[in-house]
Each structure stands twice: as C-alpha cells, then as structure tokens.
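Each chain, letter by letter, is given below.
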Amino acid sequence: MSIFNFFSQQGQVQYGQLAAYSILYSVPVVVLYLVVSKVLGGAFALSGAVKG
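The shown structure was predicted, so the numbers you read here are calculated from the model rather than taken from an experiment.

## Details of the overall build of the chain
In step 1: Counting its secondary structure elements, the chain contains 1 helix and 0 strands.
In step 2: Out of the 52 residues belonging to the chain, those deemed buried represent 4%.
In step 3: Here the chain displays about 4800 Å² of accessible surface, and carbon together with sulfur accounts for 69% of that area.

## Digging into a nonpolar patch on the surface
In step 1: A cluster of nonpolar residues, Ile23, Val27, Val31, Leu32, Val35, Val36, Val39 and Leu40, forms a patch on the protein surface that exposes about 710 Å² of accessible area.
In step 2: Here Val36 lies in helix H1 (residues 15-39).
In step 3: When its relative accessible area of 31% is taken as the criterion, Val36 is described as partly exposed.

## Focus on H1
In step 1: For H1, built from 25 residues, the straight-helix expectation of 36 Å at 1.5 Å per residue is met to within 8% by its first-to-last C-alpha distance of 36 Å.
In step 2: Where H1 bends most, at Ser26, the angle is about 25 degrees, and the proline Pro28 comes one to four residues later.
In step 3: Trailing H1 by a residue or two, Gly41 shows a phi angle of about 75 degrees, which is positive.

About the criteria used
- Each chain carries its own residue numbering, running from 1 in the written order of its sequence.
- Confidence filtering applies because this is a predicted model: local features only for residues at pLDDT of at least 70, side-chain atom pairs given and counted only at 80 or more, and all residues used for totals across whole chains, interfaces and linings.
- By convention in this description, side-chain values take in all heavy atoms of the structure and omit both hydrogens and water.
- Secondary structure elements are defined from DSSP: runs of H or I of at least 4 residues count as helices, runs of E of at least 2 residues count as strands, and each element is numbered from the N terminus.
- Buried means the residue's accessible area, taken with a 1.4 Å probe over protein chains only, is under 20% of the maximum for its type, while exposed means over 50%, and partly exposed covers the values in between.
- The protein chains shown are the only cover counted for residues, whose accessible areas, like all others here, come from Shrake-Rupley with a 1.4 Å probe.
- Like charges are joined within 9 Å and nonpolar side chains (Val, Leu, Ile, Met, Phe, Trp, Tyr) within 5 Å, but only among residues with over 30% relative accessible area and no salt bridge; these make up the patches.
- One speaks of a salt bridge when a side-chain nitrogen belonging to Lys or Arg is within 4 Å of a carboxyl oxygen belonging to Asp or Glu.
- Expected helix span is computed as 1.5 Å times (number of residues minus one).
- Bend at a residue means the angle formed by two fitted axes: the first through the 7 residues ending at that position, the second through the 7 residues beginning there.

Pasting the structure below:
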C-alpha cells in the first residue's frame, strides 16, 4: 500500500524514491538467502542432481 504514495495527483511517478524503496525492500530477502545458503552448505546449487 505504501507504493501508492510514490504517485502524485498529476500521475507523475517519483522514480528516485520508488527505486530506493524497492532496494530497501529487497535487501532483507537477499541477506536471508545468503545466510540460509551458507548454513545449508550450498544445497541450492543442486550439486549432484545431474547424472553424467
């Protein structure tokens, strides 16, 4: 719902604030992925899944 705040009454988009907001929203997800992948020892790499 707060993304709606980046649109003005005239329909113009505040791209700088929208980009900063999207980066701040995606950083925790990336950090969580890095921590979980480090703990699981790279299990997300599908090592050994393909027989060759």
